Amino acid sequence: MSKEIESVIERYKGTLIGGAVGDALGQPLEFSDLGKGKVVAEMLDSPFANWKKGEYTDDTDQTLLLVDSFVDKKGYDPDDFVKRLLKWFNHGNVKDIGSTTTISLRLIERGMDRRKAGKIALNLGAVPSNGSLMRTAPVGLFFRNKPELLYKAASEISSITHAAK
């Protein structure tokens, strides 16, 4: 393997590990003002009973599902990602998943096309939010040299659950 490829792989690993560590650092501060203006440099005890100190959230779970899809499919396959989301949602160790994601995945479970679920979820009370952004790092990595495809894929992956503009 060339040094250049090794370097790219190391940067990809760093991106994903950094995201997971950031998620675990921020998890105890989610939905609070405790961390505003402060640097969090160590894992904190979580105020949420079902979370352990240093545990990452569904944000990282979804990111890793997308990574697995890219690797197993050797490319971008949003339908495969949806299958993985549904399997995780129904059989995984899902904790405190957001209502917007829950509503969208329930619609898809019931047969709604993944391209419509996020928009319909908004009509059913889902909160317009940026909750899907946490899982888009793999899209940026995969399409790093193709910005036109990167935007399209990131939008498509996000809109499965979060279709607000």
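This text goes with the structure placed above it.
The paragraphs below set out a description of the structure included in this document. Please read these numbers as outputs of a predicted model, since none were measured by experiment.

All right, on to helix H1 (residues 3–26) then. Taking 1.5 Å per residue as the helical rise, H1 with its 24 residues ought to reach 34 Å, and the 34 Å between its terminal C-alpha atoms agrees with that figure. All buried positions along H1 are accounted for by Val8, Ala20, Asp23, Ala24 and Leu25.

Within the sequence span of helix H5 (residues 114–123), burial applies to Arg114, Ala117, Gly118 and Ala121. Angularly, the buried residues of H5 cover 90° about the axis, an arc narrow enough to put them on a single face. Seen from the open side of H5, the exposed residues pointing more than 90 degrees away from its buried face are Lys116 and Asn123. At its buried positions, H5 is contacted by helix H3 (78–91), helix H4 (99–109) and helix H7 (147–159). Measuring from the backbone nitrogen of Arg115 back to the side-chain oxygen at the start of H5 gives 2.6 Å, which picks out Asp113 as the cap. Gly125 sits one or two positions beyond H5 and adopts a positive phi of about 105°.

To continue, consider the nonpolar core. Phe81, Leu85, Leu105, Ile108, Val139 and Ile160 are the most contacted members of the largest nonpolar core, which totals 22 residues. Here this core gets six residues from one element, more than from any other, and that element is H3. Among residues more than four places away in sequence, those in contact with Leu105 are Leu85, Leu86, Phe89, Ile97 and Thr161.

Relative to the elements of secondary structure, Ser46 occurs in the loop between H1 and helix H2 (58–73). Overall, Ser46 belongs to the buried group, its relative accessible area being 18%. Only 2.6 Å separates the side chain of Ser46 from the side chain of Gln27, close enough to count as a polar contact. At a separation of 3.1 Å, a polar atom in the side chain of Ser46 contacts the main-chain amide nitrogen of Phe48. Non-local contacts of Ser46, meaning those with residues more than four positions away in its chain, are made with Gln27, Pro28 and Trp51.

Relative to each other, H3 and H4 sit at 110°, their axes nearing to 11 Å. By the angle between their axes, H3 is roughly perpendicular relative to H4. Between H3, through Val82, Leu85, Leu86, Phe89 and Asn90, and H4, the contact on the second element is made entirely by Thr102, Leu105, Arg106, Ile108 and Glu109. Class assignment for the residues of the contact of H3 with H4 results in six nonpolar, two polar and two charged.

With that settled, the discussion passes to the side chain of Ser158. With respect to the element layout, Ser158 can be found in helix H7. Looking at Ser158, the relative accessible area reads 9%, which means it is buried. Those residues in contact with Ser158, other than ones at most four positions away along the chain, are Ser132, Leu133, Arg135 and Thr136.

Here Met112 shows up in the loop between H4 and H5. According to the relative accessible area criterion, Met112 is partly exposed, its value standing at 26%. The contacts of Met112, once residues within four sequence positions are left out, are Leu107, Ala117 and Ile120.

This structure, assessed with the given rule, holds four aromatic pairs. Plain terms: the ring middles of Tyr76 and Phe143 are 5.7 Å apart, the flat faces sit at 75° to each other, and that makes the pair edge-to-face. Taken together, the residues Tyr76 in the loop between H2 and H3 and Phe143 in the loop between helix H6 (137–142) and H7 connect sequence positions 67 residues apart. A relative accessible area of 24% means that Tyr76 is categorised as partly exposed. On the basis of an interplanar angle of 85° and a centroid distance of 4.9 Å, the ring pair of Phe142 and Phe143 is categorised as edge-to-face. Among the aromatic residues, those joined into a cluster by ring pairs are Phe70, Tyr76, Phe142 and Phe143. Here the guanidinium or amino end of Lys95 rests over the ring plane of Trp51, the centre of that ring lying 4.6 Å away.

Rules of the game
- Residues numbered from 1 in each chain as written.
- Predicted model: local features only at pLDDT ≥ 70, side-chain atom pairs only at ≥ 80, totals over all residues.
- Heavy atoms only, no water.
- Helix = DSSP H or I, 4+ residues; strand = E, 2+ residues; numbered from the N terminus.
- Expected span 1.5 Å × (residues − 1).
- Buried < 20%, exposed > 50% of the residue type's maximum accessible area, 1.4 Å probe, protein only.
- Arc of directions from axis to C-beta.
- Contact = heavy atoms within 4.5 Å.
- Polar contact = N/O pair within 3.5 Å; in protein donor to acceptor, adjacent residues only side chain to side chain.
- Core = buried A, V, L, I, M, F, W, Y, C linked by side-chain atoms within 4.5 Å.
- Axes fitted to C-alpha atoms, helices over the stretch in contact; angles between N-to-C directions.
- Parallel < 35°, antiparallel > 145°, perpendicular 65-115°, else oblique.
- Nonpolar A, V, L, I, M, F, W, Y, C, P; charged D, E, K, R; others polar.
- Phe/Tyr/Trp six-rings, centres within 6.5 Å; stacked < 30°, edge-to-face > 60°.
- Lys NZ or Arg CZ within 6 Å of the ring centre and 35° of its normal.

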